[in-house]
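The chain contents come next:
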Amino acid sequence: MKDKSDFPEVSLSLLKALDQRFKNQCPELDSEDRRVWYDAGARSVVNFLAAKYEQQNETILNPEK
């Protein structure tokens, strides 16, 4: 992607819904390896979208960036 505008707008409601479904938490000791990797990957997507949301809102507040 060339710049910030190449990514679709991330809404706060989407971000909140994903955050509720894919919590940022440590795995249980008895969790299966595949489950740990799946949860880590899902949370990685939520973190990516949260960063994009912050970036998009920073641009709105500070248009010179």
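In case you missed it, the structure is sitting above this.
Residues numbered from 1 in each chain as written. Predicted model: local features only at pLDDT ≥ 70, side-chain atom pairs only at ≥ 80, totals over all residues. Heavy atoms only, no water.

K.L.:
Explain the pattern of salt bridges here, please?
P.N.:
A side chain of one charge can pair with a side chain of the opposite charge when the charged atoms of the two come close. Following the criterion strictly, the structure yields two salt bridges and no others. The salt bridge partner of Asp19 is Arg43, with a shortest N-O separation of 2.6 Å. Placement of Asp19 in helix α1 (residues 12-21) and of Arg43 in helix α2 (residues 33-61) is noted, with a sequence separation of 24 residues between them. In this structure, the salt-bridge partner of Asp39 is Arg35, at a minimum N-O distance of 3.1 Å. Of this pair, Asp39 and Arg35 both sit in helix α2, four residues apart, roughly one helical turn. On the basis of relative accessible area, Asp39 is assigned to the partly exposed category, the value being 34%. (Salt bridge = Lys/Arg side-chain N within 4 Å of Asp/Glu carboxyl O. Helix = DSSP H or I, 4+ residues; strand = E, 2+ residues; numbered from the N terminus. Buried < 20%, exposed > 50% of the residue type's maximum accessible area, 1.4 Å probe, protein only.)

K.L.:
What is the right way to look at the side chain of Lys52 in this model?
P.N.:
Within the secondary structure, Lys52 is located in helix α2. In contact with Lys52, not counting residues within four places along its chain, are Phe7 and Val10. (Contact = heavy atoms within 4.5 Å.)

K.L.:
Can you walk me through the environment of Asn24 in this structure?
P.N.:
Among the secondary structure elements, Asn24 is positioned in the loop between α1 and α2. Exposure remark for Asn24: the relative accessible area of 61% places this residue in the exposed category.

K.L.:
It is not clear to me how the nonpolar core should be interpreted in this structure. Could you clarify?
P.N.:
Grouped together as the largest cluster of nonpolar side chains are seven residues: Phe7, Val10, Leu15, Leu18, Val46, Leu49 and Tyr53. Secondary-structure elements contributing two or more residues to this core are α1 and α2. The greatest single-element share of this core, amounting to three residues, is contributed by α2. Among residues more than four places away in sequence, those in contact with Val10 are Leu49, Lys52, Tyr53 and Gln56. (Core = buried A, V, L, I, M, F, W, Y, C linked by side-chain atoms within 4.5 Å.)

K.L.:
What exactly am I supposed to notice about the packing of aromatic side chains here?
P.N.:
This model, assessed by the stated rule, comprises one aromatic pair. Across from the ring centre of Phe7, 5.4 Å away, lies the NZ or CZ of Lys52, which sits over that ring. (Phe/Tyr/Trp six-rings, centres within 6.5 Å; stacked < 30°, edge-to-face > 60°. Lys NZ or Arg CZ within 6 Å of the ring centre and 35° of its normal.)

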